[in-house]
Number of protein chains: 2
Amino acid sequence: MTVYLDDIPLPEALQRLDSALVKAGKDSILREEEIPLDEKAVGRITAAPIWAEISSPHYHSSAMDGFAVRSAETDGASETVPVKLKMDDQASYVDTGDPLPPWANAVIPIEQVEPIQEDGSLAENPRAPDLIRIRISIPPWKNVRPMGEDMVASQLVIPSGHILRPVDLGAIAGCGHHRITAAGKPRVAIIPTGTELIEIGQPAFPGDIIEYNSIVLAGQIEAWGGEPTRYPITEDDYSTILSRVEEAAGSHDLVLILAGSSAGSEDYTADVVNELGDLLVHGVAVRPGHPVIVGMIGEENKVPAVGVPGFPVSAALTGEIFVEPLLARWLGRSPRKPAELEATLTRKITSPAGDDDYVRVAVGEVGERVIAAPLSRGSGVITSLVRADGIMIIPRGSQGYPAGERVQVRLYRSPEEIRKTIFALGSHDLTLDLLAQHLSGFGRRLSSANLGSLGGLRALKRGHAHLAGSHLLDPASGEYNLSYIETYLPDLPVMVVALVGRVQGLFIREGNPEGIEGIADLNRPELSFINRQRGAGTRILLDYLLQQEGVDPGDVPGYDIEEYTHLTAAAAVASGRADTALGIQAAAEALDLDFIPLEHERYDLVIPLKFREDDLLEPLFTLLGDQGFKRAVGEIPGYDPSLMGEVIAVFD
Amino acid sequence: MTVYLDDIPLPEALQRLDSALVKAGKDSILREEEIPLDEKAVGRITAAPIWAEISSPHYHSSAMDGFAVRSAETDGASETVPVKLKMDDQASYVDTGDPLPPWANAVIPIEQVEPIQEDGSLAENPRAPDLIRIRISIPPWKNVRPMGEDMVASQLVIPSGHILRPVDLGAIAGCGHHRITAAGKPRVAIIPTGTELIEIGQPAFPGDIIEYNSIVLAGQIEAWGGEPTRYPITEDDYSTILSRVEEAAGSHDLVLILAGSSAGSEDYTADVVNELGDLLVHGVAVRPGHPVIVGMIGEENKVPAVGVPGFPVSAALTGEIFVEPLLARWLGRSPRKPAELEATLTRKITSPAGDDDYVRVAVGEVGERVIAAPLSRGSGVITSLVRADGIMIIPRGSQGYPAGERVQVRLYRSPEEIRKTIFALGSHDLTLDLLAQHLSGFGRRLSSANLGSLGGLRALKRGHAHLAGSHLLDPASGEYNLSYIETYLPDLPVMVVALVGRVQGLFIREGNPEGIEGIADLNRPELSFINRQRGAGTRILLDYLLQQEGVDPGDVPGYDIEEYTHLTAAAAVASGRADTALGIQAAAEALDLDFIPLEHERYDLVIPLKFREDDLLEPLFTLLGDQGFKRAVGEIPGYDPSLMGEVIAVFD
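Residues numbered from 1 in each chain as written. Chains lettered and ligands numbered in written order. Predicted model: local features only at pLDDT ≥ 70, side-chain atom pairs only at ≥ 80, totals over all residues. Heavy atoms only, no water.

Chemist: Tell me about the overall build of chain A, and name the residues and values.
Modeler: Helix and strand counts for chain A stand at 16 helices and 38 strands. Taken over C-alpha atoms, the radius of gyration comes to 35 Å for chain A, far larger than the 26 Å a tight globule of 652 residues would show. Once the C-alpha set of chain A is aligned to its principal axes, its extents read approximately 115 × 70 × 45 Å. Among the 652 residues that make up chain A, the fraction classed as buried is 58%. Restricting the contact set of chain A to residue pairs at least 6 apart, pairs at least 24 apart contribute 75%. Charge-centre separation for chain A: the mean point of 55 positive side chains lies 5 Å from the mean point of 94 negative side chains. (Helix = DSSP H or I, 4+ residues; strand = E, 2+ residues; numbered from the N terminus. Rg over C-alpha atoms; globule rule 2.2 N^0.38 Å. Buried < 20%, exposed > 50% of the residue type's maximum accessible area, 1.4 Å probe, protein only. Contact = heavy atoms within 4.5 Å. Lys, Arg positive; Asp, Glu negative; His and termini not counted. Charge placed at Lys NZ, Arg CZ, Asp CG, Glu CD.)

Chemist: Now, about the interface of chain B and chain A: what can you tell me, with residues and values included?
Modeler: At the junction of the two partners, chain B supplies 107 residues and chain A supplies 107 residues. Broken down residue by residue, the surface that chain B buries against chain A is led by Glu39, Gln437 and Arg577 of chain B, which jointly contribute 7%. Glu222 of chain A serves as the salt-bridge partner of Lys40 of chain B, at 3.1 Å between the closest nitrogen and oxygen. Counting the contacts that link chain B with chain A gives 21 residue pairs in polar contact (both at pLDDT 80 or more). For the side of chain B that touches chain A, the elements supplying multiple residues, two or more each, are strand S11 (156–158), helix H2 (166–174), strand S15 (209–210), helix H3 (213–223), strand S16 (227–230), helix H7 (382–387), helix H9 (430–440) and helix H13 (566–574) of chain B. A total of eight residues in the side of chain B that touches chain A trace back to one element, the largest contributor, which is H2 of chain B. Residue composition of the side of chain B that touches chain A, by class: 56 nonpolar, 27 polar and 24 charged. (Buried area = accessible area lost by both parts, 1.4 Å probe. Salt bridge = Lys/Arg side-chain N within 4 Å of Asp/Glu carboxyl O. Polar contact = N/O pair within 3.5 Å; in protein donor to acceptor, adjacent residues only side chain to side chain. Nonpolar A, V, L, I, M, F, W, Y, C, P; charged D, E, K, R; others polar.)

Chemist: Explain the packing of helix H4 (residues 238–251) of chain B against helix H5 (residues 269–276) of chain B residue by residue, including any values.
Modeler: Residue and element names in this part refer to chain B. For the pair H4 and H5, the least separation of the axes is 10 Å and the interaxial angle reads 50°. By the criterion of interaxial angle, the relationship of H4 to H5 is oblique. Remark: the crossing between H4 and H5 carries right-handed chirality. Packed against H4, whose contacting residues are Tyr238, Ile241, Leu242, Val245 and Glu246, the element H5 presents Asp271, Val272, Glu275 and Leu276 at the interface. Class assignment of the residues belonging to the contact of H4 with H5 gives a composition of six nonpolar, no polar and three charged. (Axes fitted to C-alpha atoms, helices over the stretch in contact; angles between N-to-C directions. Parallel < 35°, antiparallel > 145°, perpendicular 65-115°, else oblique. Left-handed = near helix turned anticlockwise from the far one by under 90°.)

Chemist: Let's hear about the pairing of strand S13 (residues 187–192) of chain A: which residues, and what values?
Modeler: Residue and element names in this part refer to chain A. Along S13, five of the six residues are buried, which leaves the element largely enclosed by surrounding structure. Bridge count for S13 against strand S16 (residues 227–230) is four bridges, and the pairing is parallel. When the sheet's bridge partners are listed, Ile190 is paired in S16 with Arg230. Of the strand pairs in this sheet, S13 and strand S17 (residues 254–258) are connected by five bridges, and their pairing is parallel. (Pairing = 2+ DSSP bridges.)

Chemist: A description of the pattern of salt bridges should follow, citing residues and the corresponding values.
Modeler: Residues and elements named next belong to chain A. Counted under the stated rule, the structure contains 68 salt bridges over all chains. A salt bridge links Asp579 to Arg509, with the shortest nitrogen-to-oxygen separation between them at 2.7 Å. Taken as a pair, Asp579 in the loop between helix H13 (566–574) and strand S35 (580–584) and Arg509 in the loop between strand S32 (494–508) and strand S33 (529–532) lie far apart in primary sequence, 70 residues in all. Within the structure, one salt-bridge network assembled from shared partners comprises Arg31, Arg187 and Asp253.

Chemist: An account of unusual backbone geometry is requested, with residue identities and associated values reported.
Modeler: Residue Pro57 of chain A follows Ser56 of chain A across a cis peptide bond; omega there is -10°. Within the secondary structure layout, Pro57 of chain A lies in the loop between strand S2 (50–51) and strand S3 (61–62). Phi at Ser154 of chain A takes a positive value of approximately 95°, unusual for a residue other than glycine. Within the element layout of this structure, Ser154 of chain A appears in the loop between strand S10 (144–145) and strand S11 (156–158). With a phi angle near 60°, Asn143 of chain B is a residue other than glycine that sits in the positive phi range. Position of Asn143 of chain B among the secondary structure elements: in the loop between strand S9 (131–134) and strand S10 (144–145).

Chemist: Please set out the confidence of the model for chain A residue by residue, giving values where relevant.
Modeler: Residues with a pLDDT of 70 or more make up 99% of chain A, whose mean pLDDT is 93. Scoring the predicted complex yields pTM 0.92 and, for the interface, ipTM 0.92. (pLDDT = per-residue confidence, 0-100.)

Chemist: Explain H13 of chain A to me, and be specific about the residues and the numbers.
Modeler: Among the nine residues that make up H13 of chain A, eight are buried, leaving the element largely enclosed by the rest of the structure. Taken residue by residue, H13 of chain A has His566, Leu567, Thr568, Ala569, Ala570, Ala571, Ala572 and Val573 of chain A as its buried positions.

Chemist: Give a detailed account of the packing of aromatic side chains, specifying residues and quantitative values.
Modeler: Scanning all chains against the criterion turns up six aromatic pairs over all chains. For the ring pair Tyr238 of chain A and Tyr268 of chain A, a centre distance of 6.0 Å and an interplane angle of 80° mean the geometry is edge-to-face. A residue pair is termed long-range when its members are at least 10 positions apart, and Tyr238 of chain A in helix H4 (residues 238–251) and Tyr268 of chain A in the loop between S17 and helix H5 (269–276) qualify at 30 residues. Ring centres 6.3 Å apart and planes at 40° place the aromatic pair Phe507 of chain B and Phe595 of chain B in the tilted group. Separated by 88 residues along the polypeptide, Phe507 of chain B in strand S32 (residues 494–508) and Phe595 of chain B in strand S36 (residues 594–608) bring together distant segments of the chain. Note on accessibility: Phe507 of chain B and Phe595 of chain B belong to one class, buried. In this arrangement the basic side chain of Arg577 of chain B is found over the ring face of Trp141 of chain A, its NZ or CZ atom lying 4.7 Å from the centre. (Phe/Tyr/Trp six-rings, centres within 6.5 Å; stacked < 30°, edge-to-face > 60°. Lys NZ or Arg CZ within 6 Å of the ring centre and 35° of its normal.)

Chemist: Explain the relation of the copies chain B and chain A to me, and be specific about the residues and the numbers.
Modeler: Note on the identical chains: chain B maps onto chain A by a rotation of 180° and an axial translation of 0.0 Å, with an RMSD of 0.1 Å. Expressed as a symmetry operation, the mapping of one chain copy onto the other fits a two-fold axis. The rotation axis passes nearest to the C-alpha of Ser414 of chain B in chain B, at a distance of 4.6 Å. Both copies present the same face, since 100% of the interface residues in chain B are matched by interface residues at the equivalent positions in chain A. (Least-squares fit on C-alpha atoms with pLDDT ≥ 70 in both.)

Chemist: Talk me through the environment of Leu85 of chain A; I want residue IDs and the actual numbers.
Modeler: All names here are of chain A. Tracing the sequence through the fold places Leu85 in strand S5 (residues 83–86). The spacing of Leu85 and Pro115 is 30 residues in sequence and 9.9 Å in space, taken between C-alpha atoms. Beyond its immediate stretch of four places on either side in the chain, Leu85 contacts Val69, Glu73, Thr74, Gln90, Ala91, Leu131, Ile132 and Ile134.

Quick look at the structure:
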């Protein structure tokens, strides 16, 4: 029988967990512990307020190297009427930090003193003269750090629930503590389950899934102040999972059971939680991350358990949504609240009305506007989280937003990082990876989302990008990009800068088992082709080549199946998903494919003139003129950097 | 002979260090190391780009629980014209993540299938029927995660110089790595010097300085990605310091010598650096932190050394200014760039024109305005850094700014924390500490700077605070605050809410050795008094009491010496700096002083009406009505919370 999951709204799911925690007496700091006051305390959280034990300074302390004196005895001293003070009785040498003698109430800095002998001559040791002569009167308590200047015994120095920073440790030590009462780190067991899983570092055969969700979750827990325990992979066996979960609950504050949370043939997590305690939630109306399980396990000592979905994006978001607030509560701190930013959505996005939909977005500050470009929504695409600058949540009840909508984005990076991000939309090229790598050395990020060449020009028109990569062939002239810019960007002043020349051709499997000779073969019915998305320069090139050869696109099997990058098109051929595809030589080489070269093309960067002088893009222009970078690009097969950095045209 | 320090501008000092590092070949990543791919890698920095070893998925993977089929064989299937597919030949059950059989190119979800037996009856096991009947046609590659969907072998996954986050670890594992090439953590030796120093936890006698700069610096280095070694305290002995520094340089990348960097009688750091190598800088034009030393020590393997000034604020800022950028460079990452915010300065601030002056400020967002209130500028006052929300730098060449100036603040807290900060300026009361402690449980910070009661009202008038604590006695009426509000805030609608009743009186040392009976004694010439600052409610009360007793303020010894809080005034009496002071009973009790009660007064919060409904202040009102909080306040000696939360008056 097929089991269906619930669709519990997120607030309701969190509420059920909350009630269960309250009932179990686990809704606040789990335990306190005394930790030594040293550098490892940075990031720990105070579990009690810290009051000053002693004052700081704990005595009247000289703030200067000089002589402690009685202020009253300096009265009337001036340039013309110097005053002499006798050492020991009226003056005493003090270094900075030394206590004042009980009779003194001020310090004269050594530079303002003439140290002399009884006979009026200058003393040999300026710190041990017979007398000092002064020409300035010193008010009481001048150049003295009075007791309690910094902290007075009994005052509040650090509140509880405070995340300790380096300077806090100094203040805590300075008022007489050498230990800190901190919230104990919540212990979290992470149990990956699945017969198909393999540990990292093992050879991966088809069907093997490299188990890394436990590493991501352990990293999150570590970063959020918990103490993760990663269990070895447990195979899909009900009783093995049951006993391991039970054992983990005995020694941990929270148990995360990875995968097996859906309703497939080997999904045991819900049953395990049910058998060991109470299943509170099975299926939450969030996306990605729907098949989440929440329960409490154990008899007397009830321990929360979360069944974490197996797709990596779902797993990481389940950590953010369910685990982080739990750790925050147990640590006595506020839940992390990411910075939010309002941004303009680059394209229409639809969403199931029943779910809170977590959409990963790239964020860029382009001129005065903040832009959010939705990334891949696949829950298996962890790189969408790696590349994400933030998350946009489409709430339950909404079916999505149109392009141009102002949306709230929860940032994964600081607004400063966003400000240092060069936002490139348009055609994909491997050189952009290399460019990103080199730009990071200049304190810049290159965030590029792949929209195809035409998509890039449209993005520029809307003010959505700092630059667009483009390789649009004009069959009439044989020239690249220029006529398209005239058509699509009639009102936007831009410059066109050559990035790289590259070779386009057909990907074919090693040894050419299908005997493909060229474009004319693409309509062979037994072959399968894979195309690029609409608006991609490579697709426009294909249409031109098909036309030249008199091949009807409708006759090309697979013409309607689309990939978004050269590398994924090449991967489709390498994996046997397609027999051939059009793309650049570098992608063929990267995946050990054979290659039939067809065209030499120019790949340009189209840059609005208003960004030409922008400090943000300056390192980009530096790199385009850099011989080292040119050489690095030239080493990629099929790449010709000879024109790199040349201004092909300026439209103003 | 007195040695004077240099006044080298900061950029010049950094430049000298930079040149020396370049010469020594130490201006980039120091070393790379292979680290395991686990949760401890979070925060480490990649020393090389990470390219995908394998694709992810590395095979065509089912995205659903269902049946793998040939898309073409589902053509034409519809509600009315179902298609039957034979298991094994035409359909094969797959769980999510399973590889597709080589002949299949699509998956039909199990929910969309009728699993049947040869005889047309429903199969008992829905995953192992004889046939499946389908009423929908499935396009090629539907519900399949094709090989490379997430990452394609050879693509850039993570650039070098990237600070690893949990999700990055997943991506790195997913593309076939199990180790990471990371920048080695720079090893930093921290050598505290000074005969006057004691370790934390030891009893502190006058003249003993609790050594905590090494903890603060170690915490900074830890937080910035280095590996600190804290050496034990070295006494002020030239050859001992010399040999320890030499030893440390042999096993570390950077040596920090704490204190001894000035020109006092026991300041050996410059000589030590000079003897072991090259002294590059001795004295930098920054404040606090002037007596910084920079040098390179060692013969073949030159190691930078920094002499860190002994005052704690100077030491922490030296870490930020000199150590952090060095670690960043050695780790191959960008230096940390704190968020900046423009803020309005609450008061005039002067600065020596020759120095870059680092002024600690409290920052609050009050209505639409961001406010920066300068905190204590003493380089010994580490609590000024603890309390600081940011740093405002007054550059060399400027002598300061007037009140109301728009200044740039480098934030120590996130803009979100600033937004959650209730900004209180005005009179100081111990209850505010308790309030701060309780507010933190509601996700609010209370940032209070002490300006005295009148200063608080003026701050409200200028829109510089969310609320002001005030206890201003009107001698004519015997009432508190109301007449002052009428005078000082004629145009600002405010409410006056009682916080606490408290007892004011004279602090005297235990046993009353000076035989002080009351206000009438304050003009005894052998006594010393300590006053509060102008505008403080307590000073206004003093003036009233002196007038009543017919005592001339000019006859009170110490009338012109000012303290800013009850606790520091009490500390002045406790330490013998003064014989008596006027202040609240709670401060006397905190420091074990005797106390002569003189007045019962009311301490109110004055709150502009526009903040009454503000979500930010809501927890404050909650607390003012909370019995638990009332009880906690009532436990402080001399505090009467009976009126707490009562609205005394509304001016609108």
